[in-house]
Amino acid sequence: MSATSKQSAMTADDIRARKGNQPIVSLTAYTTPMARLMDRHCDFVLVGDSLGMVLHGLPSTLGVTMEMMILHGQAVSRGLDHAMLVIDMPFGSYEEGPQQAFRNAARLMAETGAAAVKLEGGVEMAETIRFLVARGIPVMAHIGLTPQSVNTLGGYKVQGREEQGDLVLADAQAVADAGAFSVVLEKVPQRLADQITAEVSIPTIGIGASAGCDGQILVVDDMLGFFTAFKAKFVKRYADLGDSAEAAIAEYAAEVRAREFPAAEHVFGDQAPKQSTKK
Ligand code: KIV
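Residues numbered from 1 in each chain as written. Predicted model: local features only at pLDDT ≥ 70, side-chain atom pairs only at ≥ 80, totals over all residues. Heavy atoms only, no water.

In the nomenclature of an unreviewed UniProt entry, the protein corresponds to 3-methyl-2-oxobutanoate hydroxymethyltransferase from the organism Parasedimentitalea maritima. Within the UniProt record for the protein, the comment given under Function (unreviewed entry) is "Catalyzes the reversible reaction in which hydroxymethyl group from 5,10-methylenetetrahydrofolate is transferred onto alpha-ketoisovalerate to form ketopantoate." What UniProt records for the protein under Sequence similarities (unreviewed entry) is the sentence "Belongs to the PanB family." (UniProt positions renumbered as here; feature names shortened; annotations may be inferred.)

The following block contains the structure:
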């Protein structure tokens with residue numbers, strides 16, 4: 001599939017203009033039906049590489065490929081009219097340098113219709129962000145806990161505690177100076193998130209950060225209670241759909257075993273129903 005001609009209403013400039021204004025609402029999505037449900041309510045929707053863990057059962061996001069991102073990006077794109085579509089660059093698709101990043105970012109946008117890409121990293125990614133933005137690719141940065149670096153961060157720990165906070169602040173300033181239109185702050189202390197939000201010129205999107213950020217994002221399967229392998233402290237479950245789905249599946253299984261399903265209303269007779277003569 002090539003790029004959808006459809007353009008969602010929200011743009012990177014609209015997101016940038018929300019700095020210090022009405023909070024930006026966002027969620028991840030990986031499928032068309034879920035994207036349709038959130039389109040009216042979200043300002044942007046992220047096809048996150050969290051899909052590797054949430055949908056595909058991978059142990060981390062490191063095994064996510066360009067092909068997986070493109071397939072789910074195309075699905076989400078079909079469900080959006082209002083919210084802006086942002087797509088994650090998967091591990092290994094951008095870290096070599098600006099040219100590699102441009103090639104893969106352009107492919108993601110061309111093949112999914114996404115209006116922007118997100119990539120992980122701060123100071124060390126500034127040159128790449130500047131290169132992409134100068135060539136027409138809006139970039140959302142992601143700093144603090146960057147899950148693609150789980151092996152060098154020593155796990156999914158809070159980032160930027162005490163004197164380490166200056167490093168995260170420097171990351172935020174570097175990606176803003178490089179031209180990113182917004183920055184995700186993941187799992188950083190609330191005080192640091194508030195300081196970054198006050199000091200950088202672009203909107204901060206918090207996840208495990210602070211209600212004072214310019215916007216918030218959650219992984220949709222976490223907040224709906226579909227992903228139950230673990231629950232991070234920063235996740236609020238707004239529903240328990242995983243439990244409801246399992247109860248429904250158990251009821252179906254019991255009815256099949258008892259030959260109660262299908263019932264009379266679910267099967268077809270030999271004769272076609274008579275045509276009604278009434279007008
Ligand atoms: O992959 C993802 O879902 C993300 C969000 C958690 C920000 O990067």
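So, the nonpolar core
As a rule of thumb, nonpolar side chains are buried together in soluble globular proteins. Grouped together as the largest cluster of nonpolar side chains are 62 residues, with contacts concentrated most on I129 and L185. Considering each element in turn, this core owes the most residues, 6 residues, to helix α8 (residues 165-177). Those residues in contact with L185 that lie beyond four places of it in its chain are I143, A193, I196, T204, I205, G206, I207, A209 and C213. If you look at the next biggest cluster of nonpolar residues, it comprises 16 residues, including L46, V86, A116 and F181. (Core = buried A, V, L, I, M, F, W, Y, C linked by side-chain atoms within 4.5 Å. Buried < 20%, exposed > 50% of the residue type's maximum accessible area, 1.4 Å probe, protein only. Helix = DSSP H or I, 4+ residues; strand = E, 2+ residues; numbered from the N terminus. Contact = heavy atoms within 4.5 Å.)

A few points about the UniProt feature "binding site: Mg(2+)" (unreviewed entry) in the protein
Mapped onto this numbering, the UniProt entry annotates "binding site: Mg(2+)" (unreviewed entry) at D49, D88 and E120. Across 72 residues of sequence, these annotated residues stay compact in space, with a maximum C-alpha separation of 10.9 Å. Set against the second largest pocket, the annotated residues that line it come down to D49, D88 and E120. With respect to the helices, strands and loops of the structure, D49 is situated in the loop between β2 (44-47) and α3 (51-54). The buried category is assigned to D49, whose relative accessible area is 4%. Setting aside residues up to four positions removed in sequence, D49 forms contacts with T61, V64, M69, D88, E120 and Q148. Within the secondary structure, D88 sits in strand β3 (residues 84-88). Residue classification places D88 among the buried residues on the basis of a relative accessible area of 3%. With near-sequence residues (within four places) excluded, D88 lies in contact with L46, V47, G48, D49, M69, L108 and K118. (1 Å grid on protein atoms, 1.4 Å probe; cavity = no way out; pocket = protein on both sides within 12 Å on 5 of 7 lines; lining within 4 Å.)

Let's talk about the site of the ligand
By nearness alone, every residue bordering the ligand is listed as T28, L46, G48, D49, S50, D88, K118, H142, I207, I217 and V219. D49 places a polar side-chain atom, nitrogen or oxygen, 3.0 Å from an oxygen atom of the ligand. Between an oxygen atom of the ligand and a side-chain N or O atom of D88, the distance comes to 3.1 Å. When isolated, the ligand has an accessible area of 260 Å², and the protein chains bury 95% of it. At a threshold of 2 Å from the grid points, most atoms of the ligand map onto the second largest pocket. (Near = heavy atom within 4 Å. Polar contact = N/O pair within 3.5 Å; in protein donor to acceptor, adjacent residues only side chain to side chain. Areas by Shrake-Rupley, 256 points an atom, 1.4 Å probe, with all protein chains shown as cover. Sits in = over half its atoms within 2 Å of the grid points.)

Digging into the layout of surface pockets
What the largest pocket holds in volume is close to 720 Å³. If you trace the largest pocket, you find 34 residues lining it, with Q216, I217, L218, F234 and Y238 closest to the centre. Taken together, the elements giving at least two residues each to the lining of the largest pocket come down to β1 (24-28), α2 (32-38), β7 (204-207), β8 (215-218) and α10 (220-223). In terms of residue count, the dominant contributor to the lining of the largest pocket is β1 (4 residues). Tallied by class, residues from the lining of the largest pocket come to 23 nonpolar, 7 polar and 4 charged. Here the second largest pocket defines a volume of roughly 520 Å³. Taken together, 28 residues form the lining of the second largest pocket, with S50, P147, E186, V219 and F234 sitting closest to its centre. Those elements that provide at least two residues to the lining of the second largest pocket are α3, β4 (116-120) and β6 (182-186). The class makeup of the residues in the lining of the second largest pocket is 15 nonpolar, 5 polar and 8 charged. (Points joined across faces, edges and corners; volume = space filled by probe spheres on them. Nonpolar A, V, L, I, M, F, W, Y, C, P; charged D, E, K, R; others polar.)

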